[in-house]
Amino acid sequence: MARIAYVNGRYVTGDLAAVSIEDRGYQFADGVYEVIWVQQGKPVDLERHFDRLDCSLDSLNIPWPMSRRALGVVVGEVLRRNFTRNGHVYIQATRGAARRNHLVPEGTAPSLVVTASREGPRDAAIQDQGVGVITIPDIRWKRCDIKSIALLPNILGKQKASREKAFDAWQVNGHDIITEGTTTNAWIVDEKDEVITHPANHHILSGITRRVVMELAEEGGLQVTERPFTVAEARAASEAFMTSTTNYVVPVVSIDGHKVGDGRPGPVTRGLYERYLAHVTGE
Ligand code: PDD
């Protein structure tokens, strides 16, 4: 069955879904996006994602392509037309189509694309065995808090990880600090079960999953600390994990081939995964 996308005011089949070659998203990566998990046909944490979209659009001075309420309706309609029960919805808003010029054209209407993808059951081995990550230099810009569609460093990092048979690459800044993964936020757990993740500043994307997991951890009586941590600290941690909308909570059992803890997913990570799963499924 052909997938249906929303593109600038119309619902069209995937083969006809297209934006102008002068779209500034295509030419300059002048746009932002959101990925929202869909469970039983319902977007999870939609309002939080819309809040972040609002921050990203505002940082780029791009107006909302339509009202927040209307976008909620479009998201629901795309899910309905694609019969999406479990999967994710992708929203991309760009500054719009205009004759190529670095100077931001005035009065250009933003472009909006909304698509949906179905996803099958999760790979249980990931939770049972955990995954490995490599570290790479963080070569990104100084506004990683904006969910920009300019993702080249992340793509190169993810490719390198894949070549080295790792799940993801954790990015390391000039001070030996792990900022985040290429598509995930990075976390460690110390010997006192304190859960540590990089502060939500300009150096990372403030993940929605990160925020929810922080809240769930605190509800569960864990101490959560937002502070930078080094590669050496991560290697010496008792547990490590990463979070994102599409991956939930993933145990990290090796960093650059060095075992984390005993090399198996630990109890804190497992507990947080269970709590997050309950949050998503509403059970
Ligand atoms: N990636 N950090 C980066 C660089 C990301 O790209 C993502 C999400 C996250 C986690 O954010 P959240 O919990 O809101 O998904 C952190 C999405 C899923 C993607 O690009 O597909």
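Sequence order as written defines the numbering, with residues in each chain counted from 1. The predicted origin of the model limits local features to residues at a pLDDT of at least 70 and limits the giving and counting of side-chain atom pairs to 80 or more, whereas totals for whole chains, interfaces and linings rest on all residues. Calculation of side-chain values draws on the structure's entire complement of heavy atoms; hydrogens and water are dropped beforehand.

A. View of helix α6 (residues 208–219). Under the scheme used here, helices are H or I runs from DSSP no shorter than 4 residues and strands are E runs no shorter than 2 residues, and both carry numbers assigned from the N terminus. Multiplying one less than the number of residues by 1.5 Å gives the expected span of a helix. Along its 12 residues, α6 runs 17 Å from first to last C-alpha, staying within 8% of the 16 Å computed at 1.5 Å per residue. Only protein chains enter the accessibility calculation, which uses a 1.4 Å probe; a residue whose area is less than 20% of its type maximum is buried, one above 50% is exposed, and one in between is partly exposed. Every buried residue of α6 is listed here: I208, T209, R210, V212, V213, M214, L216 and A217. One or two residues past the end of α6 sits G221, with phi positive at roughly 85°.

B. Here's a closer look at the domain arrangement of the protein. Domain delimitation in this document rests on an assignment produced automatically or drawn from a domain database. As far as domains go, the protein holds domain 1 (4–118) and domain 2 (124–281). Computed over C-alpha atoms, the centres of domain 1 and domain 2 are 27 Å apart. Counting the surface lost from both domain 1 and domain 2, the interface buries some 1800 Å², and carbon and sulfur atoms represent 63% of this. Defined in terms of a 1.4 Å probe, buried area is the accessible area two parts forfeit on being brought together, summed over both. The three residues of domain 1 that bury the most area against domain 2 are Y33, R48 and R52, which together make up 37% of that side's buried surface. For this analysis, a salt bridge means a side-chain nitrogen from Lys or Arg found within 4 Å of a carboxyl oxygen belonging to Asp or Glu. Of the charged contacts, one joins R48 and E215 as a salt bridge, the two residues approaching to 2.8 Å between their closest N and O atoms. Here a polar contact is recorded for every N or O atom pair within 3.5 Å, except that within protein the pair must consist of a potential hydrogen donor and a potential acceptor, and residues adjacent in sequence are included only if both atoms are side-chain atoms. On inspection of domain 1 and its partner domain 2, the count reaches 8 residue pairs in polar contact (both at pLDDT 80 or more). Mapped by element, the contributors of at least two residues to the side of domain 1 that touches domain 2 are β3 (31–39), α2 (46–60) and β5 (87–94). Looking at the side of domain 1 that touches domain 2 element by element, the count peaks at 8 residues for β3. Amino acid classes used here: Ala, Val, Leu, Ile, Met, Phe, Trp, Tyr, Cys and Pro are nonpolar; Asp, Glu, Lys and Arg are charged; the rest, including Gly, are polar. The residue makeup of the side of domain 1 that touches domain 2, split by class, is 9 nonpolar, 9 polar and 5 charged.

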